[in-house]
There are 4 protein chains.
Amino acid sequence: MCGIAGIFNHPEASNLAYLCLHALQHRGQESAGIVSSDGVRLHTFKAMGLVGDNIREETIEKLPGASAVGHVRYSTTGTSEIKNAQPFVINFSGGSLAIAHNGNLTNAGILRKELEASGAIFQSSMDTEVIMHLIARSSKKELIDKIMEACSRILGAYSLVFLSQDQMIVVRDPKGFRPLVLGKIGQSYIAASETCALDLIDAQFEREVEPGEFLVINAHGTRSLKPFASGATKSAQCIFEYIYFAKPDSHIFGRGVYEMRKGFGKQLAREEPVDADVVIPIPDSGVPAAIGYSEETKIPFQMGLIRSHYVGRTFIEPSPSIRHFGVKLKLNVVRDVLKGKKVVVIDDSIVRGTTCMKIVKMLREKGGAKEVHLRISSPPIKWPCFYGIDTPTRQELVAAQKNVEEIRKFIGADSLRFLSEKGLRWFKMQNPSEEFCDACFTGNYTVDLPDSPEIADYASSLQKFST
Amino acid sequence: MCGIAGIFNHPEASNLAYLCLHALQHRGQESAGIVSSDGVRLHTFKAMGLVGDNIREETIEKLPGASAVGHVRYSTTGTSEIKNAQPFVINFSGGSLAIAHNGNLTNAGILRKELEASGAIFQSSMDTEVIMHLIARSSKKELIDKIMEACSRILGAYSLVFLSQDQMIVVRDPKGFRPLVLGKIGQSYIAASETCALDLIDAQFEREVEPGEFLVINAHGTRSLKPFASGATKSAQCIFEYIYFAKPDSHIFGRGVYEMRKGFGKQLAREEPVDADVVIPIPDSGVPAAIGYSEETKIPFQMGLIRSHYVGRTFIEPSPSIRHFGVKLKLNVVRDVLKGKKVVVIDDSIVRGTTCMKIVKMLREKGGAKEVHLRISSPPIKWPCFYGIDTPTRQELVAAQKNVEEIRKFIGADSLRFLSEKGLRWFKMQNPSEEFCDACFTGNYTVDLPDSPEIADYASSLQKFST
Amino acid sequence: MCGIAGIFNHPEASNLAYLCLHALQHRGQESAGIVSSDGVRLHTFKAMGLVGDNIREETIEKLPGASAVGHVRYSTTGTSEIKNAQPFVINFSGGSLAIAHNGNLTNAGILRKELEASGAIFQSSMDTEVIMHLIARSSKKELIDKIMEACSRILGAYSLVFLSQDQMIVVRDPKGFRPLVLGKIGQSYIAASETCALDLIDAQFEREVEPGEFLVINAHGTRSLKPFASGATKSAQCIFEYIYFAKPDSHIFGRGVYEMRKGFGKQLAREEPVDADVVIPIPDSGVPAAIGYSEETKIPFQMGLIRSHYVGRTFIEPSPSIRHFGVKLKLNVVRDVLKGKKVVVIDDSIVRGTTCMKIVKMLREKGGAKEVHLRISSPPIKWPCFYGIDTPTRQELVAAQKNVEEIRKFIGADSLRFLSEKGLRWFKMQNPSEEFCDACFTGNYTVDLPDSPEIADYASSLQKFST
Amino acid sequence: MCGIAGIFNHPEASNLAYLCLHALQHRGQESAGIVSSDGVRLHTFKAMGLVGDNIREETIEKLPGASAVGHVRYSTTGTSEIKNAQPFVINFSGGSLAIAHNGNLTNAGILRKELEASGAIFQSSMDTEVIMHLIARSSKKELIDKIMEACSRILGAYSLVFLSQDQMIVVRDPKGFRPLVLGKIGQSYIAASETCALDLIDAQFEREVEPGEFLVINAHGTRSLKPFASGATKSAQCIFEYIYFAKPDSHIFGRGVYEMRKGFGKQLAREEPVDADVVIPIPDSGVPAAIGYSEETKIPFQMGLIRSHYVGRTFIEPSPSIRHFGVKLKLNVVRDVLKGKKVVVIDDSIVRGTTCMKIVKMLREKGGAKEVHLRISSPPIKWPCFYGIDTPTRQELVAAQKNVEEIRKFIGADSLRFLSEKGLRWFKMQNPSEEFCDACFTGNYTVDLPDSPEIADYASSLQKFST
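Nothing here was measured: the structure is a model prediction, and the numbers come from that model.

**Student:** What is the right way to look at the overall build of chain A in this model?
**Tutor:** Within chain A one finds 17 helices and 23 strands. For chain A, the C-alpha radius of gyration of 23 Å lies close to 23 Å, the compact-globule estimate for 467 residues. Expressed along its principal axes, the backbone C-alpha trace of chain A runs to roughly 70 × 55 × 45 Å. Within the span of chain A, comprising 467 residues, buried residues form 55% of the whole. Contacts in chain A between residues at least 24 apart in sequence constitute 70% of all its contacts with a sequence separation of at least 6.

Written out as structure tokens, the structure reads:
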């Protein structure tokens, strides 16, 4: 996962890009970067780590100009290196060009081999670089045409902001996997992954960039192009953005994230009530769903787990006698809330299940809970995501390996329930035409996976079977 | 404010001290330090900044030995310098000695002048150094006697952990201003400011160190001394630890902090109800009181403000057109929760009032709240603290300068109410013999202030008047 | 200018590369880098600054494998950036490849435009990158054939060491502008710019790499290829390496540098004697020529100027009243040697003349010299170098703008004499078949300058005229 | 050893102090520090490492005011820590005071125990701190009187510069072990260890500070006090400053260092001539003596060893097969100068002998020298220095353990000769009344050694015996 932002035509462009990245920090903590244009040259700053730790006043001073593009990158399983940090900048026959990419291509491996065979030199291991080589090799004259030609070759999820010396080009893939919104401050344009970035800089929300849209912003104004056939742009917005990834104060895909999460919690309460004394969230991601669950069941909501604000970036492992350690650095129990109580614990999702296991143990042993009932405000995650969420392989996904009862035993809860796949769509009644990607729950991959033929075959055989 | 921890007789002493400091990080973010003893020499590490950013595995390796003392320091108004970081270590005729101090002395200035006049050289501007000079100059033979002699000269608030080559000495001032608890892991002793530190390292809570107690811990076991006359040790525990400072998952002064805060919220609801649609906290410190207020009033609790986890340490000021900036980096509104609603906002206290003002504005302008009713779960802070809380001067304390209605206007709320001084003591019904220091609300300074004669005189004249 | 080194088949390859770079530090202080191969992967380290400041034991540990290539880079006039540091590494269809380059191409600009037009993306502004793109686009099968094809396209000066996963390829351009020597330690091969690098690691000097030679070193042994027609490889070794650039303890181009410099000094004495009391060098580069001048004239040699060992990398400019400042940080006079004396000062060359001017002033004003006679052990530098020496433009070269008498006045010496162009070749009597490049003195550019057509035309018109 | 500098009444005081330290860098590379006074407060900067690496423009900006004192410290055998860096600053009843000390006290240990027994707390392990405690405890009123009282208690070598808010006090011990000179720039006063510091900043040399002199410099002008009885101030200037320590371009103790060294070389030639082909120095310290030896014997002088300018601060040890490593990083042979020759090698002194041994081996094996005759321009060092030169113990001093023939064998030279003790005084004919300390050669310790009773007894018993 990543967060992206672009600013066009503002005297403090790189400063605003910095603030947007700050607001989008939850979308990626591995690296942060900003490229600005002063109309003649692009200026670049990239660093490993957090925005607030690395970008300083003197950094901003070295990023002059009225337009800028920024990027925060999530730590993925591969080696994390500065050369994989974005925005990625190239010099080519068309001048200088920067790109910030949120999403993941599903045919980058095949395209890369093809490009290398004809002499291309790659600097990084990012799929994003493939897009840049396709642009550099395009025989089209205009930059926007080069970009559209390049995008006609790629598959998968891509929300993109390009910055050249004199224009910003904003792109969202035809399925619209990742969010991308547009805002304005006076005559300045802002593109950002989520509305929380617009809020921080007092920008006015304009609209979402549409799936399949190419938006050219330059001195002559804005121009919107939609080169894909309309069939190609049937929407596949990522429902996991609502469940976990996006910030609760953002609006994306047309709805407020906080209300969606609370709604999942209410629906979960309707589907899976339980007789209990107290509802507690796993903070902070479980809070809205827990409030919803409490509202629906009338079981009192309490903060039975307190989250530390100071989870450091370096962990020193203590003696083995100190168990469940990673979780303890982050969370501690409030014994007065839990002691002798039947406790409903709400979390947004289960990936590997190990953290949940440690928390349940802690609630019992240190908190003194009498019963622990775990309720998850989304269905079991059984399939890896190829569209930009950093989920582990099927081997590591506990719900791909165990059924619900086996997971319950593994975690040690008195009961465990997930939101149903149907319940996940409670909000669809309001607008049945929308389409969401739920491949992580269903294996229903809506865009082909040429780089991963085996899993694609397996998932599709199961799909056929289930149909 | 500061956090302190001591470990005696554990093979991973400095690692445990590091973890305790991590758990106590909320008590001080300016500097962090650990001193360990290998039985022969003391080993020191100190750095400006956070525990997790500065203390690494290699740091711990350079702090060998079975005992250790640690300290985190709060940013005060003076220049913050590494030489004022603790633990403070001296070499003197009695060998090497480290001290970690939480609290503030009220006669350090007078003692310092006296010591300097007879040739003492000071390394820092800390009041703590005065204690060390008194110890170095004591004619007593034993270290504990030197320490008791030194403490007989000082006034004010002091929870102390001393570490020499072969013993740990734990001290709490006769009034017991600051918390200090004692725990055990097998045969190892742990002293820490709050129980949350014990929880993180799986230590068993034993008891609180008593006001006026001197506890000597060495290879021969533990010895408790109480040299002060019992009249001198009438307790003056800091009620502000309950209101704001301590971590909600801690137990101090015999009670759970979370339950105390929720209780202040409930009492506030009884005293100052209001007709409204939603109760929201200013996160995170206002959360327990808001839950209490909601429980008592039945007005639904929601997270109408979302706190960022990534508030960086460096702020770059944007253009003046971007208003209320510092607050926005930390908090954003959830518009769906607030729009068109009558909102009760719960905060724990008001110091300068400027942050509240910005939040109220944000709730209206960005959140669309129809009415904003501010409820504070403690009385107005009118007096500076001389016992270790870093409150500003009377000039900067808004409640020392304005009455409640004037503050309401300044902040821009539709209504503003504080918990009453009497309401603050709701819990006293359970145990009327306890005594708390509430000087920040009342000006009733229970320990003399020789270094600050003017404010002492003024407060005492008002006290007489009010009596 | 740059220094390069390659090690093949030694268990401490990267350590030896580090030591070679240390010995070659005088050839470049801007950046240093090492790439090692463990047979499977290349490992890279590059940093701005000196070898000894940046490469540490832990750096070497992260550069595993039995082969390595290293590079030190000289500060040139352009922006100095880490992305222009070498060795330069690419990933392409043929795998991974590192290059270290000493020299300068004269048609890199033209080739770069051509490559960009067909879609190539450049990462740096180095001419070296052009070679890598030519290799990546070669349709040949074997790496050596790709490299030979690429080198058939480039013009100018290039001593190269390539490192792939399993072989080292060493190349010297057909004119042999820059030195490159070959050594052995047991069964390990070492390539280095100068013999001083071999001395430091106790390697046995084998021979010089020949102009136009391509040497492939791998597990099967070594293979030497000479693809250029013999007419193309008429030698144009850089005489300025003897005069100033190489280290005096090195042997390059078949001779010892110290003896060459002393010889220039003796020849200068024969051509331009003077009646004086003392001969002093400008240390350290002028020392051997001054010893030669003293031997020939019998005027006593003294160290009348003392050089500081600690010329820092950061200069803080003092008040304007402190004159001639940069020189003073580096040199100071020995008044007892100079006072009231007729002094002959020997330097190796004059570029801008400003440093000489400051030294002459210092010798008179602080040293008390009665007369200052400046003798330069090379002819006036009138032409920029396009083959790898970082000389300034003709506008900045004092000898391209002024005649000898005008330079003397500018510098303020009592007399000024240069070695004659003919005298520069005193040693040629021993071996008249050798050819040297003396374009900086004569404008006789032996390899075409397609990237610099104007200066090429001007120089060639003057050449015709002078013939 | 250390270097010290003080500036009084100059608008760029800390900048000039920085430049003086730069010029005195050869006197200490372990740490560097500057304290400035703006008339009200002292401002401090200290860092481990070189002046040029650590002090930058922004450092100077943070050291405001018209007076400053600076210090560079030599790496001694003990742990090198920032807390032992100077200038050392205290706050005491008399205000703030900084001290920079060159030299070593011989009764600091005894005084320290005495001070600690009466309650003093020490911050460092430096003898210098004892002086500050004596000052802080003095009952005198005026600072100069406190300083004179403190100095009446201490024994040994001390050149001192004190800086308070409003005055600079310059002190030299009654024996005058270490140099200290006085200069002026207009109405500004400069004190510095050597004249090379005055040269760099264009200051006019005024005079040496006299042994036993206390010089008070403030707004009222200068005042010179000489409190010691004249018998106490019989001079014991350190002859090793002439032999090795001072910079050759400096004048100290009334003579030029370069001429002294050349004179030692000439005298050595007169005492110990040898039939040889070439005279070479061990650069740079042996250069002047080698020039003297060559002048006297008419054997040609050559640079047969080339010194690297880039000896890094970090050494990575290579494989054991690479012998004599430390020396090779610094020196390499010029084979053309040495091959088949009888070589005289001149060095200034022999301490442990191990470096000489490596050089002799290198001259033979890599240089091809036929014979190597080592000539040392000072007598054998047999006794440790207690007055500020960092010589090793008698166990490590090769000349304390072996006779000349044994040393020759150890080093592997064909012959080895030292300058005689009498020859060392060749220059005394000019001024027989001067007295020098030559304890390192003779064991004749002119100031008592209360902290080192054993060696004092042993040396004095030998002295008696030899008389």
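**Student:** When you look at the sheet that holds strand 12 (residues 214-218) of chain D in this model, what are you seeing that I'm missing?
**Tutor:** Adjacent strands of a sheet pair through backbone hydrogen bonds, lying either parallel or antiparallel. Residues and elements named next belong to chain D. Pairing in this open sheet of 6 strands is antiparallel, and the strands run 5-6-7-8-12-13 from one edge to the other. This sheet does not close on itself; its edge strands, each paired only once, are strand 5 (88-92) and strand 13 (221-225). With strand direction ignored, the average angle separating the axes of adjacent strands in the sheet is 20 degrees. As judged from the 6 bridges shared by strand 6 (residues 95-102) and strand 7 (residues 159-164), these two strands associate in the antiparallel manner.

**Student:** Would you take a moment to explain the interface of chain A and chain B for this structure?
**Tutor:** Frequently, the measure chosen for interface size is the accessible area removed from exposure when the parts meet. Counting residues at the interface gives 53 residues for chain A and 53 residues for chain B. Within the side of chain A that touches chain B, the residues separate by chemical class into 26 nonpolar, 12 polar and 15 charged.

**Student:** Help me understand the interface of chain A and chain C in this model?
**Tutor:** In this complex, chain A contributes 14 residues to the contact, which on the side of chain C involves 14 residues. Those elements that provide at least two residues to the side of chain A that touches chain C are strand 5 (88-92), helix 4 (108-117) and helix 5 (128-137) of chain A.

**Student:** How should I be thinking about the pairing of strand 7 (residues 159-164) of chain B in this particular structure?
**Tutor:** It is a general feature of regular strands that their side chains alternate between the two faces of the sheet. Residues and elements named next belong to chain B. By the criterion of burial, strand 7 is predominantly enclosed, with 5 of the 6 residues buried. Bridge count between strand 7 and strand 8 (residues 167-172): 5 bridges; the pairing is antiparallel. Bridging from a neighbouring strand, V161 pairs with V170 of strand 8.

**Student:** It is not clear to me how the domain arrangement of chain A should be interpreted in this structure. Could you clarify?
**Tutor:** All names here are of chain A. According to the domain assignment, chain A consists of domain 1 (2-235) and domain 2 (258-311 + 321-431). Listed per partner, the contact involves 10 residues of domain 1 and 4 residues of domain 2. Of the residues in the side of domain 1 that touches domain 2, the class split is 3 nonpolar, 6 polar and 1 charged.

**Student:** Sorry, what's going on with the arrangement of the chains here?
**Tutor:** Chain C makes no contact with chain B, the minimum C-alpha separation between the two being 15 Å. Chain A shows no contact with chain D. Their nearest C-alpha atoms sit 14 Å apart.

**Student:** Even after reading the chapter, I still don't get the relation of the copies chain A and chain B, so can you show me in this structure?
**Tutor:** Each of the two chain copies can be brought onto the other by rotation about an axis and movement along it. After a rotation of 180 degrees and a shift along the axis of 0.0 Å, chain A superposes on chain B with an RMSD of 0.0 Å. What the rotation and shift describe, once combined, is the action of a two-fold rotation axis. Relative to the rotation axis, the C-alpha of H309(A) is the closest in chain A, positioned 3.5 Å from it. Both copies present the same face, since 100% of the interface residues in chain A are matched by interface residues at the equivalent positions in chain B.

**Student:** How should I be thinking about the environment of S224(B) in this particular structure?
**Tutor:** Residues and elements named next belong to chain B. Secondary-structure assignment places S224 in strand 13 (residues 221-225). On the basis of neighbour count, S224 is assigned to the exposed category, with 12 C-beta atoms found within 10 Å. Ignoring anything within four residues of it in the chain, the contact list for S224 reads E213 and L215.

**Student:** Looking at this structure, how should I read helix 13 (residues 354-365) of chain A?
**Tutor:** At 3.6 residues per turn, the α-helix brings residues three or four places apart onto the same side. Residues and elements named next belong to chain A. A rise of 1.5 Å per residue sets the reference length of helix 13, with its 12 residues, at 16 Å; its end C-alpha atoms lie 17 Å apart and thus fit the reference within 8%. Here helix 13 has its buried residues at C356, I359, V360, M362 and L363. Take helix 13 and look down its axis: the buried residues cluster within an arc of 160 degrees, on one side only.

**Student:** Would you mind showing me how to read the relation of the copies chain A and chain C here?
**Tutor:** Mapping chain A onto chain C calls for a rotation angle of 179 degrees and an axial translation of 0.0 Å; the resulting RMSD is 0.0 Å. Looking at the interface residues of chain A, 100% of them are also at the interface in chain C, so both copies use one shared face.

**Student:** Help me understand the nonpolar core, please; the structure alone is not making it clear to me.
**Tutor:** Most often, soluble globular proteins have nonpolar side chains that are buried together. Of all hydrophobic cores here, the largest spans 628 residues; its most connected members are C20(A), C20(B) and C20(C). Dropping the residues within four chain positions of it, C20(B) is found in contact with A5(B), G70(B), A192(B), A197(B), L200(B) and I201(B).

**Student:** Looking at this structure, I do not really get the packing of helix 9 (residues 257-271) of chain C against helix 10 (residues 287-297) of chain C. What am I missing?
**Tutor:** Two quantities define a packed helix pair, namely the angle between the helix axes and the distance between the axes. Residues and elements named next belong to chain C. It is at 7 Å that the axes of helix 9 and helix 10 come closest, and there the two elements cross at 45 degrees. The angle between the axes of helix 9 and helix 10 places the two elements in the oblique class. The hand of the helix 9/helix 10 crossing is right-handed. Here Y258, R261, K262, G263, F264, G265, K266, L268, A269 and R270 of helix 9 lie close against helix 10, whose contacting residues are P288, A289, A290, I291, G292, Y293, E295, E296 and T297. Residue classes in the contact of helix 9 with helix 10 are distributed as 9 nonpolar, 4 polar and 6 charged.

**Student:** Which parts of the structure should I look at to understand the sheet that holds strand 6 (residues 95-102) of chain C?
**Tutor:** Residue and element names in this part refer to chain C. Pairing within the open sheet is antiparallel, and its 6 strands lie in the order 5-6-7-8-12-13. Since the sheet does not close on itself, it has two edges, and those belong to strand 5 (88-92) and strand 13 (221-225), each with one partner. Taking each pair of neighbouring strands and ignoring which way they run, the sheet shows an average axis angle of 20 degrees. Looking at chain direction, strand 8 (residues 167-172) and strand 12 (residues 214-218) are connected through 5 bridges and run antiparallel. Each bridged residue has a counterpart across the sheet, and for V171 the counterpart in strand 12 is F214. Docked against the sheet, helix 5 (residues 128-137) engages strand 5 and strand 6, running at close to 20 degrees with respect to strand 5. Its contacts with the sheet put helix 6 (residues 143-153) on strand 7 (159-164), strand 8, strand 12 and strand 13, and the angle it makes with strand 8 is roughly 20 degrees.

**Student:** So what exactly am I meant to see when it comes to helix 4 (residues 108-117) of chain B here?
**Tutor:** Residues and elements named next belong to chain B. Residues of helix 4 that are buried: A108, L111, R112 and L115. For helix 4, the angular spread of the buried residues around the axis is 100 degrees, confining them to a single face. For helix 4, the exposed residues set more than 90 degrees away from the buried face come down to K113 and A117. In this structure, the buried side of helix 4 is in contact with helix 5 (128-137). Immediately beyond the C-terminal end of helix 4, within one or two residues, lies G119, with a positive phi of roughly 100 degrees.

**Student:** Please clarify how the environment of T44(D) should be interpreted in this entry.
**Tutor:** Residue and element names in this part refer to chain D. Within the element layout of this structure, T44 appears in strand 3 (residues 42-48). Measuring from C-alpha to C-alpha, the distance between T44 and V69 comes to 9.7 Å, with 25 residues separating the pair along the chain. Apart from residues lying up to four places away in sequence, T44 is in contact with V35 and V89.

**Student:** In this structure, what is going on with unusual backbone geometry? I would like to understand it.
**Tutor:** Across the chain, the bulk of peptide bonds are trans and the bulk of non-glycine residues have phi less than zero. Here the bond from P283(B) into D284(B) is cis, since omega is -10 degrees, no more than 30 degrees from zero. Mapped onto the elements of the fold, D284(B) is located in the loop between strand 17 (278-281) and helix 10 (287-297). Phi is positive for K298(C), which is not a glycine, with a value near 65 degrees. Even without glycine at this site, D202(D) takes up a positive phi of about 60 degrees. As for its position among the elements, D202(D) is in the loop between helix 7 (195-200) and strand 11 (204-208). Given 20 C-beta atoms within a 10 Å radius, D202(D) is considered buried.

**Student:** What is the right way to read the environment of F88(A) from this model?
**Tutor:** All names here are of chain A. Along the chain, F88 falls in strand 5. Classification of F88 by C-beta neighbours within 10 Å gives buried; the count is 24. For the pair formed by F88 and G33, sequence separation is 55 residues and the distance between their alpha carbons is 9.1 Å.

**Student:** Is there a simple way to explain the confidence of the model for chain A in this structure?
**Tutor:** Low-confidence regions, as indicated by low pLDDT, have predicted coordinates that should not be scrutinised in detail. Residues with a pLDDT of 70 or more make up 94% of chain A, whose mean pLDDT is 92. Across the interface, the model reports ipTM at 0.92; the global pTM reads 0.88.

What counts, and where the lines are drawn
- Each chain has its residues counted from 1, running along the sequence as written.
- Whichever chain is written first becomes A and whichever ligand is written first becomes 1, with later ones labelled in order.
- pLDDT decides what is reported in this predicted model: residues at 70 or higher carry local features, side-chain atom pairs at 80 or more are listed and counted, and totals for whole chains, interfaces and linings draw on all residues regardless.
- Segments assigned H or I by DSSP are reported as helices when at least four residues long, segments assigned E as strands when at least two residues long, and all are numbered from the N terminus.
- Only C-alpha atoms enter the radius of gyration, while the globule expectation follows 2.2 Å times N to the 0.38, with N the number of residues.
- Backbone-placed C-beta atoms define the burial measure: a residue is buried with 20 or more other C-beta atoms within 10 Å of its own, exposed with 12 or fewer, and partly exposed in between.
- Placing a C-beta atom from the backbone of each residue, one calls two residues in contact when those atoms lie within 7 Å.
- Two strands form a pair only when DSSP identifies at least two bridges running between them.
- A fitted line through C-alpha atoms represents every axis, and for helices the fit uses only the stretch in contact; the resulting angles, taken between N-to-C directions, go from 0 to 180 degrees.
- Charged residues are taken to be Asp, Glu, Lys and Arg, nonpolar residues to be Ala, Val, Leu, Ile, Met, Phe, Trp, Tyr, Cys and Pro, and polar residues to be all remaining types, Gly included.
- An automatic or database domain assignment provides the domain bounds reported here.
- Here the copies were fitted onto each other by least squares, based on C-alpha atoms from residues at pLDDT of at least 70 in both.
- Residue count minus one, scaled by 1.5 Å, sets the expected span of a helix.
- Think of it as the arc spanned by the lines of direction from the helix axis to the C-beta atoms.
- To define a nonpolar core, we join buried Ala, Val, Leu, Ile, Met, Phe, Trp, Tyr and Cys residues through C-beta atoms within 7 Å and take the resulting set.
- Here the angle decides the label: under 35 degrees means roughly parallel, over 145 means roughly antiparallel, 65 to 115 means roughly perpendicular, and every other value means oblique.
- In a left-handed crossing the near helix is turned counterclockwise from the far helix by less than a right angle, and in a right-handed crossing that turn is clockwise.
- The predictor attaches a confidence to each residue, called pLDDT, with possible values from 0 through 100.

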